Each structure stands twice: as structure tokens, then as C-alpha cells.
Amino acid sequence: MKNQRVSRRPPSDYWFLRRLLGSLSSSSHRPGCRHVKMSSLVAYEDSEPEDDSPKRTEEVTSASIQTGCYEPNQGVRLFDSSRTIPSPPCSATPDPDRSVLVYRGDVSERRSSSLCPQPQPHSCFGWESKRCRGGTARDERLRDTAGPRSLHETRGKISPTQSHSFDGGLSPAKRNPTVRSGVRPYVPKRQRPAASSGTVDPKHPAERVPGSLTSESQILLDVSARVKPYLAHKAGASGIPRRLLMSLGGHRGPVNTVQWCPVPHLSHLLLSASMDKTFKVWDGAESGRCLRVYACHSGAVRDARWTPCGRHLLSGSFDNTAVITDVETGQQVVELDNQFKVMRVVPHPSSPEVFLCGGHSSMVNAWDSRSCKVVKVYKAGIQQTLDILFLRGGASFITSSDCVSRDSADRTLIAWDYQTTAKVSNQIYQERYTCPSLALHPLEESFVAQTNGDYMAVFSSQQPYRMNKRRRYEGHKVQGYAVQCEFSPDGTILASGSSSGSAHFYDFHNAHTLHTLRAHSQPCLCVSQHPVLPATAATCDWAGEIKVWH
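Because the structure is a prediction, the values reported are computed rather than measured.

A.B. asks: Now, about the pattern of salt bridges: what can you tell me, with residues and values included?
C.D. replies: The full count for this structure, using the stated rule, is six salt bridges. In this structure, D387 engages R344 in a salt bridge whose closest nitrogen and oxygen atoms are separated by 2.9 Å. On the criterion of sequence distance, the pair formed by D387 in strand β24 (residues 385-390) and R344 in strand β20 (residues 342-347) is long-range, its members being 43 residues apart. Since its relative accessible area comes to 2%, D387 is described here as buried. A residue is classified by how much of its surface remains accessible, and R344, at 2% relative accessible area, is buried. For the salt bridge of E445 with R392, the shortest nitrogen-to-oxygen distance reads 3.3 Å.

Shown next as C-alpha cells:
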């Protein structure tokens, strides 16, 4: 037992403070001298150096508490052979620019005191400490808790002294703490800035891969200041955009489609689908930032659409899958394998849980996202489906195919009954042109079909789906590209892209050309008119560029 080493526990804070106050009060009769308890400054190693240099470790020069006598116009050495702090002349006001760090055992404390005599017989001391554990229990790191500060405020040059001054022990005047230069203090997790929601591409810093939520990633909670004034009023007449508002770059492949969010207060969100295997959501009304990137597919994304609620995205890809993705989190809600390359995904207008998938197959599948099963199959003797359009109410829909032959009039456009999966009509379009795109009029009982004959034809949306031979919209070029067409919210303007790179706007009722916008140098594949903002439209091209016009 004699050789056994007995470790003594350091005295508690209460007894230490009592001894310290007693030593100062006993020496207060000496007018020219004050006894100040000091200890060495405690240095620690930086856990995350920004310059990737080796970690610095400074040893504690002394852990014992020593008592020194302070005289005016003398220097006080804080147990550091390289620094000597000159003492200011004494005054009745306490000097708040001195602080003392006390290291006792495994606890680090900061004790502030003035080095000049005060009128009060006893000095007021205050300390605040916060222990944060790194790798081991001995690696205690000191941080002042005077007030919450961001991480950016704590970085930079820091002086070796810290200050705390107290007025009678009642109202503390706290200053920002400082530490030796080259040492970054520990920052608690709750005071650190919120982590990014995902990895960031250095070439496109606005792009984010799906990940955890942050305050910036809650894109469904923000209402654009540009859209808000139009929400309380009834939409007026649609206008024609003529000037470029912003250009959105970031896709590395052709952009097949762009679509504004159908929910009015979220209509500043712009969805784009590209052949670079991603689809993105942008702030298309104000900042033009890419709010989120969705990399859910391993193949080119041929089509992407908003669901009617605006909280999910429906996408189809050449990797044979159709995916429903949560807009906020970027998580896949449903992934369905169609066994063929998906060209079009269209949600049912009255039952958004059900959607149709068409593509490189002679069949069109109706999926129920709740059971993840195919509930209906529509079979036709065609090679692939180019587009799908639900008519009003969702009781029937139209499909277009790429089948062109001498007797292909019964396969170019086909009308289907949704419930019975039967063909309602197959004698709709009699000309030998494929129709890469279809669009339904928002008010009238009619729809238009984009044709490879460089014109758009008008059809009735009621049986027998007759084509209006007296009205066609000409002036743009298709030339084999999947050029899309779309109506304005009030149905007065019909917009179409062009293989020449321009965007064309037609008067729907008389088929006159209203305006031709020189939008892109590459083929313009889609023109999407804003559902709330007047005279605002988004265009995309084969080079991967997106532009917003107003």
C-alpha cells in the first residue's frame, strides 16, 4: 500500500474561489500592490484546420496557481515567455481587457479580473465555461458563452487576451472572446450553420443532390414576391413576352421540356427535364437559382411533370423506369419498371395516384402508385407512343404514334376509353405526318396536334374528334424534333417551339402569327407560358439552355 500512488482530486470551484477571495481581502491594506491569481493560457489543437496543415499542439506551461504582486507601470507576464503585456496606468475604472484562464485537472475555466484598484473592498469575479468533447475526455475545449455567434464571426485573427467586465456583479458587459491566432475555437453543433442539403458541383454551385432538409431547401414554403401581387386578382388577358428576363444554364444535355408549377402560389418554380439524366427545379421568377437537382435515373430523362398538388414530380426515363419524387426532400416515393423506354408520363386529371406511361412499346400502361401495380393496359399495333393527352374529365385520352405508312391513318392518333381500355376512334388524322406533341385547350372542347408537316392541326375533343381543315397554324419548323406546343391560361394564344430556334405565338381563333421570338440558336423544343404572370414564358433548346421571357 505504500507504493500505491494516490491521486488527489482538485478542490471544488467553491473552495477555490473562497481561498482566492480571502487572499485578496487580506492583502487589500497594501495600496500600491494587488495580488492577482493567474495561470497559464491553455492552448489546444485545432480539430479541423482550414489549410490542411498539421495540427498544432501547445503544451500548458504551468498548471499551478501562482500569486504575484502588481505594481503600476510594470509588465505582467502571463506565463508565456514570448509575450509580455504592458500594464496600463491605474485608474478607478476596472480594465476590462484582461482575462485569466485557469486550468485545473480536466476542467478549463475563464476568470476575469481587473488589474487596477477598485473603490470596492472586494473584487467581483465572473467566469463562464463550456466543455465540448472531441475524441477523448481530456481534450476539453474552451468557448465563451457570452452570446450566440456564427461560425464566420469566430474565424480570423484572434488576440491572446479576452475581456469580461462586470458592474457590481449585476449587469455584465460582455465582449467577443478571442483566442491565440492560428487557433480556431470549438463551435457547438447548434450554433454551426446548417449543413448543405447535398453535394455541390463546383462547376454549378447552385446544383444540389437530394439530401437532408435545410432552411434554404424548403422550396414549397416560399412565395415569390413577383407572383404574390397577382394571386389576389383574377387572371387577365395573356400577353406576349418580348424581352429576355434571365438565362438558366446548368444542364449538360438537351432540355426536352420545361413546365411551371400548376399551383398558383408556387408558380415561380420551373421544372426542366434533360437528356443528361437529371431534372431540376428552378426559381424562374426572381433569382434564377437552381433550387434542387434530382438524379433519380440512370438514363436520359425524356419527360417530367408536376403533380396537381405541386408536392411531387413525375418523371420518365430511357432507363425503363417512371419515378415519383418528393419535391422537398428529393426522395423517391415510387419507382416503377415498365420494361420499355418511357417517352411520356401523364397523371390522371381526377385521380393523380394513377398515371399513364408510354414509350418504345406497342402498349400504354396505367400505373397505380399506391399499389405499384399496372391496373390497365392499352394495346395498339404501333412501334412507340410519342405523346399522351387526357381529355376533359379523364374519361378518355388521345395517343400519338410514330407509325407512318400508306395505310397508317388508323394508328397516327388513337382515342381510348380509359375505363374499358377500348379504342374509341382511330380515324382522327388522315395525313401522313407523325404528331410529336398534343395540347388541350383550357376552355373550349378542342385540342391541337403538332405535326411533322410544319403546322399544327385543330381537332374537336368530342366524338368523332373531327379535324378543322380550315384552320392550321403555320410558320414554324419541326423537322423531326420533338417540338411541343402549349396554350396560354385563357386559351387565346397558342405557342410553339421551332427547329430554327425561335418561339412562335399564334392567335388561336384566327391562326394569325402574333409574334416570333428569336429565342435560341439551337432547336427550341418547348415554350411554357406562365399560369399566373402575364406575358411570361420559359423556353428550352437542344443545347441545354433555358430562358425566361417577359
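On we go.
A.B. asks: So, the sheet that holds strand β27 (residues 423-425): which residues are in play, and what are the values?
C.D. replies: In spatial order, the strands read β24-β25-β26-β27; together these four strands make up an open sheet with antiparallel pairing. Unpaired on one side and paired on the other, β24 and β27 mark the two borders of the sheet. Direction aside, neighbouring strands of the sheet carry axes that sit 35 degrees apart on average. Two elements, strand β26 (residues 413-417) and β27, share two bridges in a ladder whose sense is antiparallel. Looking across to β27, one finds that A415 is bridged to S425.

A.B. asks: Before we move on, can you summarise the nonpolar core with the specific residues and values?
C.D. replies: Ranked by internal contacts, the top residues of the largest apolar core, which has 19 residues, are L269, F279, V281, Y294, W306 and L313. L391, I428, Y429 and C435 belong to the second largest nonpolar core, which has 16 residues in total.

A.B. asks: So what about the sheet that holds strand β34 (residues 503-507)? Which residues, and what values?
C.D. replies: Reading across the sheet, the four strands line up as β32-β33-β34-β35 and stay open at both edges, with antiparallel pairing between neighbours. Of all the strands in the sheet, the pair left with one neighbour each is β32 (485-487) and β35 (513-517). Adjacent strand axes in the sheet meet at a mean angle of 20 degrees, parallel and antiparallel pairs treated alike. As paired strands, strand β33 (residues 493-496) and β34 are joined by four bridges and run antiparallel to one another. Bridge pairing in β34 places I493 opposite D507.

A.B. asks: How would you sum up the pairing of strand β38 (residues 546-549)? Please name residues and give values.
C.D. replies: Of the two faces of β38, the one lined by I546 and V548 and the one lined by K547 and W549 are each fully buried. Looking at chain direction, strand β11 (residues 244-248) and β38 are connected through four bridges and run antiparallel. Bridging across to β38, L244 finds its partner in W549. Taken together, the four bridges between strand β37 (residues 537-541) and β38 define a ladder with antiparallel strand orientation. Each bridged residue has a counterpart across the sheet, and for A538 the counterpart in β38 is V548.

A.B. asks: Got a sec to walk through the UniProt feature "repeat: WD" (unreviewed entry) in the protein? Specific residues and values, please.
C.D. replies: Listed under "repeat: WD" (unreviewed entry) in the UniProt record, and renumbered for this structure, are residues 248-283 and 294-335. Here residues 248-283 runs as 0% helix and 50% strand, with 10 Å between its end C-alpha atoms.

A.B. asks: Go over the layout of surface pockets with me, naming the residues and quoting the values.
C.D. replies: Within this model, the largest pocket holds a volume of roughly 1300 Å³. As for the largest pocket, its lining consists of 41 residues, of which Q259, R305, L389, L440 and E486 are closest to the centre. When contributions to the lining of the largest pocket are tallied by element, the ones reaching two or more residues are β12 (255-260), β16 (301-306), β20, β24, β28 (437-440), β32 and β36 (524-529). Along the lines of polarity and charge, the residues of the lining of the largest pocket split into 24 nonpolar, eleven polar and six charged.

Calculation notes
Counting of residues starts from 1 at the beginning of each chain's written sequence and follows it residue by residue. Local features in this predicted model are restricted to residues of pLDDT 70 or higher, and side-chain atom pairs are both shown and tallied only at a pLDDT of 80 or more, whereas totals for entire chains, interfaces and linings draw on every residue. Processing note: side-chain calculations cover all non-hydrogen atoms of the structure and skip hydrogens and water entirely. Take a side-chain nitrogen of Lys or Arg and a carboxyl oxygen of Asp or Glu: if they are within 4 Å of each other, that pair is a salt bridge. Where helices and strands are cited, they refer to DSSP runs of H or I of at least four residues and of E of at least two residues respectively, numbered from the N terminus. Each residue gets one of three labels from its accessible area relative to the maximum for its type: buried under 20%, exposed over 50%, partly exposed in between, using a 1.4 Å probe on protein chains only. Paired strands, in this sense, are two strands between which DSSP finds at least two bridges. Lines are fitted to the C-alpha atoms to define the axes, a helix being fitted only along its stretch in contact, and any angle between axes, read from their N-to-C directions, falls within 0 to 180 degrees. The nonpolar core is taken to be a set of buried Ala, Val, Leu, Ile, Met, Phe, Trp, Tyr and Cys residues, with the residues joined through side-chain atoms within 4.5 Å. UniProt positions are given in the numbering used here, feature names are shortened, and annotations may be inferred rather than shown by experiment. Of the two site types, the cavity is a set of points on a 1 Å grid over the protein atoms alone where a 1.4 Å probe fits but cannot get out, and the pocket is an open set with protein on both sides within 12 Å along at least five of seven lines, each lined by residues with an atom within 4 Å of a point. Grid points are joined across faces, edges and corners, and a volume is the space filled by probe spheres set on the points. For this classification, the nonpolar set comprises Ala, Val, Leu, Ile, Met, Phe, Trp, Tyr, Cys and Pro, the charged set comprises Asp, Glu, Lys and Arg, and every other residue, Gly included, is treated as polar.

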